[in-house]
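Tertiary structure, described
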Amino acid sequence: MFYFDSHCHLNDEAILPFIEEEILSCRQAGLKAMLVIGYDVKSSRLAVELAHRYEEVYAAVGVHPENLEGLTLDCLKEIKALAKEDKVVAIGEIGLDYHWYKDPEVREAQKPWFVAQIELANELNLPVSIHARDCTEDVYKILKEHPVHAGAVLHCYSGSVESLREFAKLGLYFGFDGPITFKNAVTPKECVKACPIDRLLVETDSPYLAPVPFRGKQNSPKYIPFIVEEMAKLREMEPETLNEQLWRNFTKLFRVKHG
Ligand code: NI
């Protein structure tokens, strides 16, 4: 059985100094594909570099809503240039964050970035990886007004089952991470159960959100089997069968050819 990670940050400073070791241990754990996601220009460039260096790595490039301070939309020119590089399979992560940002003006200022990067994805015919925290209504509204033609995933889905059903009608995919293994994570578990089987994605978001039994430690794509196993339990499926379905979903959305 082989594994893959549809959302990780091997471009994070916590991992980069040990990247050779990290890639090696991921290979040993059976990882065949890892989608490394950018969150600003620098991390997007690093994601592309890692994709060029390691066969298993693919890249997404984009500017995250938490990293907008001091930037102008002009920097999306650089994101566009990076998006045309080999093995770049998505724009991301992009979106809205109302969890850390309460000021209505700051929230409002995130929107043009989200829309501009959706437009960039549509121009390049790429799917998008979306970060959305405590902003369900606004993300829904933007996606409804600006559909992503090549598909989109709500990464680390943290909304309700009801919202999941509404987003599913827009054709969205849903990424689930370590928190589904937490005992008290009632809603995420319900969402895994309620998600259409052909829209489920598995991801680590490493170095964050390590699954049980590594909760609180630095996360790694090599822990993906723990998340797949919990997902399979929730879906009452064999892990192998579920994993095959997850791989089909992943390759369909991101058009990753080998692995
Ligand atoms: Ni992330």
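See the structure shown above.
Section: the overall build of the chain
Per the secondary structure count, the chain includes 9 helices and 8 strands. Relative to a compact globule of 259 residues, whose C-alpha radius of gyration would be 18 Å, the chain shows 17 Å and is just as compact. The principal-axis extent of the C-alpha atoms belonging to the chain is close to 45 × 40 × 30 Å. Sequence separation of 24 or more characterises 73% of the internal contacts of the chain that already satisfy a separation of 6 or more. Of the side-chain charges in the chain, 30 are positive and 40 negative, and the distance between the mean point of each set is 4 Å.

Some words on the coordination of the nickel ion
For the nickel ion, the full set of protein donor atoms is H7 (NE2), H9 (NE2), E93 (OE) and D205 (OD), and the range of their distances to it is 2.1 to 2.2 Å. Its 4 donor atoms give the nickel ion angles of 84 to 176 degrees at the centre, a pattern that matches the irregular case.

Focus: the pattern of salt bridges
Side chains that differ in sign of charge can pair as their charged atoms come close. Applying the stated criterion across every chain, the model contains 12 salt bridges. Between E13 and K42 there is a salt bridge, with its nearest N and O atoms 3.6 Å apart. You can see E13 sitting in the loop between β1 (3-8) and α1 (19-28) and its partner K42 sitting in helix α2 (residues 41-53), a full 29 residues away along the chain. When the shortest N-O distance is used, the salt bridge between K111 and E108 registers 3.1 Å. Here K111 pairs with E108, and both are found in helix α4 (residues 104-124), just 3 residues apart, close to one helical turn. On the accessibility criterion, K111 (19% relative accessible area) is buried. Looking at E108, the relative accessible area reads 46%, which means it is partly exposed.

Considering unusual backbone geometry
Cis geometry marks the peptide bond from G92 to E93; its omega dihedral reads 0 degrees. Examined against the element boundaries, E93 turns out to sit in strand β4 (residues 88-97). In this chain, S206 is followed by P207 through a cis amide linkage whose omega measures 10 degrees. Mapping P207 onto the fold places it in the loop between β8 (200-202) and α8 (224-235). Backbone geometry at N125 places phi at a positive 55 degrees, although glycine is not the residue there. In this fold, N125 is placed in the loop between α4 and β5 (128-133). The phi dihedral of L209 falls on the positive side, at around 60 degrees, and the residue is not glycine. By the element assignment, L209 lies in the loop between β8 and α8.

Notes on α1
Within the span of α1, buried status applies to I19, E22, I23, S25 and C26. Buried positions in α1, seen along its axis, are confined to an arc of 165 degrees and lie on one side of it. Exposed side chains of α1 directed beyond 90 degrees from the buried face belong to E20, E21 and Q28. Looking one or two places after α1, you find G30, whose phi comes out positive at around 95 degrees.

Digging into the nonpolar core
Core analysis: the largest hydrophobic core is formed by 85 residues, its most contacted members being L10, F174, F176 and F254. Residues contacting F176, with those up to four places away along its chain left out, are Y157, L164, P188, C191, V192, C195, L200, L201, V202, E203, I227 and M231.

Remarks on the packing of aromatic side chains
Throughout the structure, instances matching the rule amount to 11 aromatic pairs. Both rings, one in F2 and one in W247, keep their centres 5.0 Å apart while their planes meet at 90 degrees; by these two values the pair is edge-to-face. Taken as a pair, F2 in the segment before β1 and W247 in helix α9 (residues 239-254) lie far apart in primary sequence, 245 residues in all. Its relative accessible area of 15% is what places W247 among the buried residues. These aromatic residues form a ring-pair network of at least three members: F2, F4, W247, F250 and F254. Geometry around Y58 places K87 over its ring, the cationic atom sitting 5.1 Å from the centre.

Some details on the pairing of strand β7 (residues 173-176)
Here β7 shows a buried face lined by Y173 and G175 and a second buried face lined by F174 and F176. As judged from the 2 bridges shared by strand β6 (residues 152-154) and β7, these two strands associate in the parallel manner. Counted as the bridge partner of V153 is Y173 from β7. With respect to chirality, the unit in which β6 leads through helix α6 (residues 161-169) into the neighbouring parallel β7 is right-handed. As judged from the 3 bridges shared by β7 and β8, these two strands associate in the parallel manner. Each bridged residue has a counterpart across the sheet, and for G175 the counterpart in β8 is L201.

What counts and how
- Residues numbered from 1 in each chain as written.
- Predicted model: local features only at pLDDT ≥ 70, side-chain atom pairs only at ≥ 80, totals over all residues.
- Heavy atoms only, no water.
- Helix = DSSP H or I, 4+ residues; strand = E, 2+ residues; numbered from the N terminus.
- Rg over C-alpha atoms; globule rule 2.2 N^0.38 Å.
- Contact = heavy atoms within 4.5 Å.
- Lys, Arg positive; Asp, Glu negative; His and termini not counted.
- Charge placed at Lys NZ, Arg CZ, Asp CG, Glu CD.
- Donors = N, O, S within 2.8 Å, 3.2 Å for Na, K, Ca; no water.
- Tetrahedral: all angles 85-135°; square planar, octahedral: opposite > 155°, others 65-115°.
- Salt bridge = Lys/Arg side-chain N within 4 Å of Asp/Glu carboxyl O.
- Buried < 20%, exposed > 50% of the residue type's maximum accessible area, 1.4 Å probe, protein only.
- Arc of directions from axis to C-beta.
- Core = buried A, V, L, I, M, F, W, Y, C linked by side-chain atoms within 4.5 Å.
- Phe/Tyr/Trp six-rings, centres within 6.5 Å; stacked < 30°, edge-to-face > 60°.
- Lys NZ or Arg CZ within 6 Å of the ring centre and 35° of its normal.
- Pairing = 2+ DSSP bridges.
- Right-handed = clockwise from strand over helix to strand, strands pointing away.

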